Amino acid sequence: MTTFKQQLTSSIGKKVVMAATGLFLCVFLLEHLYGNILLYFNDGGKAFDEYSHDAVRNILIRIIEIALFGAIIIHVIQALIITNDNRRARPIKYAVSTSTEGSSWFSRNMGLTGSVVLFFIVIHLYHFFFPYRILKDHTHTVAQMVKIGFQDPVYVAIYVIGVTFLFFHLNHAVRSAFHTLGLSNKKYIPIWQAVSTGFAWLMWISFVSFPILFYFGIAGKSIQI
Ligand code: HEM
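Bear in mind the structure is a predicted one, so any value in this text is a computation, not a measurement.

Peer 1: Looking at this structure, I do not really get the site of the ligand. What am I missing?
Peer 2: In the vicinity of the ligand, 24 residues are found, and the nearest of them are Ala19, Gly22, Gly114, Ala173 and Thr180. Broken down by secondary-structure element, the contributors of at least two residues to the shell around the ligand are helix H2 (11-37), helix H4 (59-89), helix H6 (110-134) and helix H8 (153-180). With eight residues, the top contributor of residues to the shell around the ligand is H2. A breakdown of the residues in the shell around the ligand according to their chemical character gives 15 nonpolar, eight polar and one charged.

This is the structure in C-alpha cells:
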C-alpha cells in the first residue's frame, strides 16, 4: 500500500501539489487585486491603509499570509524538482525537436515565466513588504509608499514586465492545473484554455493599471505626500 508521502512524491503527486499550490496562488492574486482596487477610492488612501493595517492585526489574514509564503516556496521547489526530473528522464535532446507540435510557447516556458515572476515577487516584497512590515519603517503610509514607488519609471517598468510574465505564466497555468486535477478532458480543453486566457488578461489589465495610472497622475490624486 502506498503511503501519503509516496503519493505526494510520485510524478503525478508532484504535479498535483504544483496544481494545488498554483491555484491557491491564483486565489491570492484575486485577494491582492481587491486590496489594490481600494487605492482607486478618492479618500486619500484611507480605505487601502485600513485594509493594510487589518492585514497586520487580523490573525486569520496572518495565517493565510503564512500559508501563501509556504505555497510559493513549495510551488518553486516543486518546479525545480519537476524540471530536474524531466531533464534526467531525457538527458539527450531529440535530434529533431518536435516540442513545438501541439504545445504552445507558454506551456514550454513555464520555468522561464515562473522564474521572472519569482524575481518580480522578490523585488515587490523588497519595495513594500520589507520596509513596512519587517523594518517597521512607518514614515509613510502604505498608500503613500505606493504613490512614491510608482513615480519611479524604473520601478514602473519592472512592475509592467513582471505582470506581463505573470500573464504568460497564467495563460497556460489554470488550464494545466485543471488538466492535472483530472477536471478536463479533450472536449473541455478549449473551455479551460479560454478560462485560463481570460483570467490571465484580467490579471494583466488590472495589475498593470496601477503603475500606469499612478505614474501619469490619473490615480492617487487625493493621496498627499
Ligand atoms: C502568483 C504566482 C504564481 C501562480 C498563480 C502560479 C500558478 C501556476 C499554476 C496554476 C500552474 C499549473 C500547475 C499544473 O500544471 O498543474 C503552474 C505551473 C508551473 N509554475 Fe507557477 N505560479 C506562480 C508562480 C511561479 C513561480 C514563482 C515559479 C518559479 C519557478 C513557477 C513555476 C512553475 C512551473 C515550472 C510550472 C509547470 C510545472 C509542470 O511542468 O508541470 N510558478 N503555476
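Peer 1: It is not clear to me how helix H9 (residues 189-215) should be interpreted in this structure. Could you clarify?
Peer 2: Side chains three or four residues apart in an α-helix point the same way, a direct result of the helix having 3.6 residues per turn. The terminal C-alpha atoms of H9 lie 39 Å apart, and with 27 residues this matches the ideal 39 Å at 1.5 Å per residue to within 8%. Helix geometry: H9 is bent most strongly at Ser209, by close to 30°, with proline Pro211 lying one to four residues after it. Turning to H9, its buried residues are Ser196, Ala200, Met203, Phe207, Phe210, Pro211, Phe214 and Tyr215. Here the buried face of H9 lies against H2, helix H7 (142-149) and H8. Immediately downstream of H9, the backbone of Gly217 shows phi near 70°, a positive value.

Peer 1: Looking at this model, I keep getting lost on the environment of Arg57. Mind explaining?
Peer 2: By the element assignment, Arg57 lies in helix H3 (residues 46-57). Using a count of 8 C-beta atoms within 10 Å as the deciding quantity, one classes Arg57 as exposed. Along the chain, Arg57 and Lys187 lie 130 residues apart, while their C-alpha atoms are 46 Å from each other.

Peer 1: How do you make sense of the nonpolar core when you look at a structure like this?
Peer 2: Nonpolar side chains in soluble globular proteins generally cluster together in the buried interior. The biggest cluster of nonpolar side chains holds 30 residues, and the ones touching the most others in it are Val146, Phe167 and Leu170. Elements with a contribution of two residues or more to this core: H2, H7, H8 and H9. Not counting residues within four places of it along the chain, the set of residues in contact with Phe167 comprises Ala200, Met203 and Trp204.

Reading guide: rules and limits
In this numbering scheme, every chain counts its residues from 1 along its sequence in written order. Local features in this predicted model are restricted to residues of pLDDT 70 or higher, and side-chain atom pairs are both shown and tallied only at a pLDDT of 80 or more, whereas totals for entire chains, interfaces and linings draw on every residue. Any residue whose C-beta atom, as placed from the backbone, lies within 6 Å of a molecule or strand is termed near it. For the purposes of this entry, the term helix denotes a DSSP run of H or I that reaches at least four residues, the term strand denotes a run of E that reaches at least two, and both are numbered from the N terminus. Gly is put with the polar residues, along with every residue not named as nonpolar or charged; the nonpolar set is Ala, Val, Leu, Ile, Met, Phe, Trp, Tyr, Cys and Pro, and the charged set is Asp, Glu, Lys and Arg. Take the number of residues in a helix, subtract one, and multiply by 1.5 Å to get its expected span. Note that the bend at a residue is defined as the angle between axes fitted to the seven residues ending at it and the seven residues starting at it. Buried, partly exposed and exposed are defined by the number of other C-beta atoms within 10 Å of a residue's own C-beta, namely 20 or more, between the two limits, and 12 or fewer respectively, with C-beta atoms placed from the backbone. By definition, residues are in contact whenever their C-beta atoms, placed on the basis of the backbone, come within 7 Å of each other. As used here, a nonpolar core is made of buried Ala, Val, Leu, Ile, Met, Phe, Trp, Tyr and Cys residues. They are joined through C-beta atoms within 7 Å.

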